[in-house]
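A look at the structure
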Amino acid sequence: GEAVAAVAAEDLVTARKALSKINVVYEELPGVYDPEDAMKAGAAVVHDYAPNNVVKHIPVRKGDVEAGFANADLILEDDFSTQQVEHAYLEPEAGIAYVDADDVVVVISPSQNITHHRHMLSDILGLPINKVRFIMSPVGGGFGGKEDMIYQGMLAVVAMKTHRPVQLNFTREESLIASAKRHPSRVHYKMGVKWNGEITA
């Protein structure tokens, strides 16, 4: 779902014609498609900054866990998994970008995290933060799916290159292909409980 090219045109028909002229050739690399397999020795490395394919590990410790289990009447332990979730909001992604008279790149979009997006776009474009402005239009549904910056960077780049206002509207199909998803998860739970329902660990 990640963009590899952007096409801008006066109208949709011309844009689609231009898009049909682009031929992208991909080099197929070894991949990992299962978290357990990805963490095994010798697995293909997805990102250099995570040589063991673990992007982040955040241990959280609070209280005496062993004492909590010792005081439990019952210990429940099992593995659970969730599937990837499409947020399925009614409003597909859309936005407008332009460069104003003070050379500030302005992006208007229904983003759920415009402060973070502004900092990201500043880094991507190599512009000082005071030269990037995000305006949050009303969000027609998001449920967390519009927290990631998906298309706003493309809008900004095209507006900077053309020196003209640019508009983008995803179709439903494009939204399903390119939007952020809630990640699937695999979790292992171990819980100590009392007969009265109190959780001890």
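See above for the structure.
I will try to describe carefully the structure that is included in this document. (Residues numbered from 1 in each chain as written. Predicted model: local features only at pLDDT ≥ 70, side-chain atom pairs only at ≥ 80, totals over all residues. Heavy atoms only, no water.)

Attention now goes to helix α4 (residues 114-125). Look at α4: 16 Å from first C-alpha to last across twelve residues, which is about the 16 Å you get at 1.5 Å a residue. Three or more residues of α4 are buried, namely His-117, Leu-121, Ser-122 and Leu-125. Seen along its axis, α4 keeps its buried residues to an arc of 140°; they face one direction. The exposed residues of α4 that point more than 90 degrees off its buried face are Thr-115 and Asp-123. Residues of α4 that are buried make contact with β3 (105-109), β4 (132-136) and α5 (152-162). (Helix = DSSP H or I, 4+ residues; strand = E, 2+ residues; numbered from the N terminus. Expected span 1.5 Å × (residues − 1). Buried < 20%, exposed > 50% of the residue type's maximum accessible area, 1.4 Å probe, protein only. Arc of directions from axis to C-beta. Contact = heavy atoms within 4.5 Å.)

Using the criterion set out here, one finds six salt bridges in the structure. Across the pair Lys-181 and Glu-86 runs a salt bridge whose closest N-O atoms are separated by 2.7 Å. Taken as a pair, Lys-181 in the loop between α6 (172-178) and β6 (185-193) and Glu-86 in the loop between β1 (74-82) and β2 (94-99) lie far apart in primary sequence, 95 residues in all. Taking relative accessible area as the criterion, Lys-181 reaches 19% and is therefore assigned buried. (Salt bridge = Lys/Arg side-chain N within 4 Å of Asp/Glu carboxyl O.)

Glancing now at the nonpolar core. Note that soluble globular proteins tend to have their nonpolar side chains buried in a common cluster. Val-107, Leu-121, Phe-134, Leu-155 and Ala-156 are the most contacted members of the largest nonpolar core, which has 17 residues in total. Looking at this core, the elements that each hand over two or more residues are β3, α4, β4, α5 and β5 (166-169). Of all the elements, α5 adds the most residues to this core, at four residues. Excluding its chain neighbours within four sequence positions, the residues that come into contact with Phe-134 are Val-107, Ser-109, Ser-111, Ile-114, His-117, Arg-118, Leu-121, Met-149 and Gln-152. (Core = buried A, V, L, I, M, F, W, Y, C linked by side-chain atoms within 4.5 Å.)

Taken in spatial order, the four strands make up an open sheet running β4-β3-β2-β5, and their pairing is mixed. Two strands close off the open sheet at either side, each with one partner strand: β4 and β5. Recorded for the sheet is a direction-independent mean angle of 15° between the axes of neighbouring strands. Where β2 meets β3, four bridges bridge the pair, whose relative direction is antiparallel. (Pairing = 2+ DSSP bridges. Axes fitted to C-alpha atoms, helices over the stretch in contact; angles between N-to-C directions.)

Next up on the list: the packing of aromatic side chains. Evaluation of the coordinates by the stated rule reveals two aromatic pairs. Looking at Lys-190, its charged tip hangs above the ring of Phe-69, at a distance of 4.4 Å from the centre. (Phe/Tyr/Trp six-rings, centres within 6.5 Å; stacked < 30°, edge-to-face > 60°. Lys NZ or Arg CZ within 6 Å of the ring centre and 35° of its normal.)

Following the sequence through the fold, Thr-162 ends up in helix α5. Considering only alpha carbons, one finds Thr-162 and Val-99, 63 residues apart in sequence, at a separation of 9.6 Å.

Next up on the list: the packing of α4 against α5. Close contact between α4 and α5 brings their axes to 10 Å; oriented N to C, the two are set at 50°. It follows from the interaxial angle that α4 and α5 lie oblique. In this structure, α4 meets α5 at a crossing whose hand is right-handed. Residues His-117, Leu-121 and Leu-125 of α4 form the contact with α5, whose own contacting residues are Gln-152, Gly-153, Ala-156, Val-157 and Met-160. Classifying every residue of the contact of α4 with α5 by side-chain character gives five nonpolar, three polar and no charged. (Parallel < 35°, antiparallel > 145°, perpendicular 65-115°, else oblique. Left-handed = near helix turned anticlockwise from the far one by under 90°. Nonpolar A, V, L, I, M, F, W, Y, C, P; charged D, E, K, R; others polar.)

What follows covers the environment of Asn-113. Among the structural elements, Asn-113 can be located in the loop between β3 and α4. By relative accessible area, which is 27% here, Asn-113 ends up partly exposed. A C-alpha to C-alpha distance of 23 Å links Asn-113 and Val-4, two positions 109 residues apart in sequence. When near neighbours in sequence (up to four residues on either side) are disregarded, Asn-113 contacts Lys-146 and Glu-147.

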